[in-house]
Amino acid sequence: MAKKLEGQIAIITGGSSGIGTGVSKAMAMEGATVVVNHSSAKSADRAKEVLNNIEAAGGKGIIYQCDVSKEEEVVKMFADVIQKFGTIDILVNNSGIQQDAPLTEMTLDQWNKVIGVNLTGQFLCAREAVKEFLRRGVQNDRSLAAGKIICMSSVHEVIPWAGHANYTASKGGISMFMKTIAQEYAPKKIRINSIAPGAIKTEINKEAWNTPEAEQKLLKLIPYGRVGVVEDIGKAAVWLASDDSDYVTGATMFIDGGMTLYPGFADNG
Ligand code: BGC
């Protein structure tokens, strides 16, 4: 069977860690050349490891350092990637951080950092990607669409989360940002969608699952009875980037084992 993303170029921001590793691997295994983005020199080794793993499995890619919250760095990353590969087909706006604090203790720096990476970063990358999609237009030997963007959101675009006001504000913002630009560019055959993961086993939420007690507590929020893994998100990202989802734009796919189904109501209310 033909690979679903054969010959396409995909930038995965934050591809060096967490959900980004699963998405990078899944897209590479479907034939995409992946740009595994990482934010700083500190994350270079992890990015290299992700790429080594992809290459060992027969996939292709490069690593690229760029802090998505910095305009000049984002503009340069897109220019460099387009110069190297000719164009880009897929952007996975995946970079995301948490800096948690109760509102009264949250510093402006914590607020700005989280909004900067999670929301402004998605804006900057989407802007550069859409410019390139418009320039190239549809080329049927690549894809039915001129380009595809996947915004990594969270169940916390709808579930309030005490102690995480900066994070939930960024994810709520992604919801309307994604829908607005999806509406704006659908006539140009650009598809823009979100994935809203629930609890996926990664570094960002390690405390919530790395002891049996913590995991039992977390599972009370997940009707399907298991914590997610990065592969759950990778498979969905491949589908949203492929022509199999050609009629899908402006949608948010919740991949959360039922976390958004108000599990507390199952035996109450
Ligand atoms: C957060 C995780 C959390 C999950 C479910 C994600 O967006 O980054 O820390 O475990 O939502 O609450």
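Only a predicted model underlies this, so the values are computations on that prediction, with no experimental measurement involved.

Conventions adopted
Residues numbered from 1 in each chain as written. Predicted model: local features only at pLDDT ≥ 70, side-chain atom pairs only at ≥ 80, totals over all residues. Heavy atoms only, no water. Helix = DSSP H or I, 4+ residues; strand = E, 2+ residues; numbered from the N terminus. Rg over C-alpha atoms; globule rule 2.2 N^0.38 Å. Buried < 20%, exposed > 50% of the residue type's maximum accessible area, 1.4 Å probe, protein only. Contact = heavy atoms within 4.5 Å. Areas by Shrake-Rupley, 256 points an atom, 1.4 Å probe, with all protein chains shown as cover. Salt bridge = Lys/Arg side-chain N within 4 Å of Asp/Glu carboxyl O. Pairing = 2+ DSSP bridges. Axes fitted to C-alpha atoms, helices over the stretch in contact; angles between N-to-C directions. Near = heavy atom within 4 Å. Polar contact = N/O pair within 3.5 Å; in protein donor to acceptor, adjacent residues only side chain to side chain. Parallel < 35°, antiparallel > 145°, perpendicular 65-115°, else oblique. Left-handed = near helix turned anticlockwise from the far one by under 90°. Nonpolar A, V, L, I, M, F, W, Y, C, P; charged D, E, K, R; others polar. Right-handed = clockwise from strand over helix to strand, strands pointing away. Phe/Tyr/Trp six-rings, centres within 6.5 Å; stacked < 30°, edge-to-face > 60°. Arc of directions from axis to C-beta.

Notes on the overall build of the protein
From N to C terminus, the protein includes seven helices and seven strands. When its helices and strands are written in sequence order, the protein yields β-α-β-α-β-α-β-α-β-α-β-α-α-β. For the protein, whose C-alpha radius of gyration is 18 Å, the value lies close to the compact-globule estimate of 18 Å for 269 residues. A buried classification covers 49% of the 269 residues belonging to the protein. Across the protein, the fraction of contacts at a sequence separation of at least 24, relative to all contacts at a separation of at least 6, is 73%. Carbon and sulfur atoms form 55% of the exposed surface of the protein, whose accessible area is close to 13,000 Å².

Description of the pattern of salt bridges
In this structure the tally under the stated criterion is 14 salt bridges. Here arginine 226 ties to aspartate 232 by a salt bridge, and the two come within 2.9 Å at their closest N and O atoms. Overlapping salt bridges bring together Glu71, Arg127, Glu128 and Lys131 as one network.

Re the sheet that holds strand 6 (residues 190-197)
Backbone hydrogen bonds hold the strands of a sheet together, and the pairing may be parallel or antiparallel. Overall, parallel pairing links the seven strands, which are arranged 3-2-1-4-5-6-7 in an open sheet. The two strands at the open ends of the sheet, each matched to only one other strand, are strand 3 (60-65) and strand 7 (252-255). Adjacent strand axes in the sheet meet at a mean angle of 20°, parallel and antiparallel pairs treated alike. Inspection of the sheet shows strand 6 paired to strand 7 by four bridges, in the parallel sense. Paired with alanine 196 across the two strands is phenylalanine 254, which belongs to strand 7. Its contacts with the sheet put helix 1 (residues 19-29) on strand 1 (9-12), strand 2 (33-38), strand 3, strand 4 (90-93), strand 5 (147-152) and strand 6, and the angle it makes with strand 1 is roughly 175°. Strand contacts of helix 5 (residues 165-185): strand 5, strand 6 and strand 7, with the helix running at about 160° to strand 6, the strand carrying the most contacts.

What about the site of the ligand?
Around the ligand, the structure places Gln98, Ser154, His156, Trp161, Tyr167, Gly198, Ala199, Ile204, Asn205 and Met259. One of the side-chain N or O atoms of glutamine 98 is found 2.6 Å from an oxygen atom in the ligand. For the ligand, an oxygen atom lies 2.7 Å from a polar atom in the side chain of histidine 156.

Focus on the packing of helix 1 against helix 7 (residues 230-241)
Their axes nearest at 8 Å, the elements helix 1 and helix 7 cross at an angle of 50°. It follows that helix 1 is oblique to helix 7 by the angle criterion. Pair helix 1 / helix 7 crosses with right-handed handedness. Counted together, Ile19, Thr21, Gly22, Val23, Ala26 and Met27 of helix 1 and Val230, Ile233, Gly234, Lys235, Ala237, Val238 and Ala241 of helix 7 form the full contact between these two elements. Looking at side-chain class alone, the contact of helix 1 with helix 7 contains nine nonpolar, three polar and one charged residues.

Overview of the pairing of strand 6
Most of strand 6 is tucked away, with eight of its eight residues classed as buried. Of the two faces of strand 6, the one holding Ile190, Ile192, Ser194 and Ala196 and the one holding Arg191, Asn193, Ile195 and Pro197 are both buried throughout. Where strand 5 lies against strand 6, six bridges are found, and the strand directions are parallel. Within strand 6, the position partnered with cysteine 151 by the bridge is serine 194. For the segment spanning strand 5, helix 5 and strand 6, crossover handedness is right-handed.

Digging into the packing of aromatic side chains
Taken as a whole, this structure holds two aromatic pairs when the rule is applied. On the basis of an interplanar angle of 70° and a centroid distance of 5.9 Å, the ring pair of tryptophan 161 and tyrosine 167 is categorised as edge-to-face. Residue classification places tyrosine 167 among the buried positions, given a relative accessible area of 9%. Residues tyrosine 262 and phenylalanine 265 carry aromatic rings whose centres are separated by 6.2 Å and whose planes lie at 85° to one another, so their mutual orientation is edge-to-face. As far as burial versus exposure is concerned, tyrosine 262 and phenylalanine 265 are alike and both exposed.

Thoughts on the environment of phenylalanine 254
Mapping phenylalanine 254 onto the fold places it in strand 7. For the pair phenylalanine 254 and isoleucine 190, spaced 64 residues apart in sequence, the C-alpha separation works out to 21 Å. For phenylalanine 254, the contacting residues outside a window of four places in its chain are Ser154, Val155, Glu157, Val158, Ala196 and Thr260.

Comments concerning helix 6 (residues 212-219)
Of the positions making up helix 6, those classed as buried are Ala214, Leu218 and Leu219. One side of helix 6 carries all its buried residues, which in axial view fall inside an arc of 135°. Seen from the open side of helix 6, the exposed residues pointing more than 90 degrees away from its buried face are Pro212, Glu213, Gln216 and Lys217.

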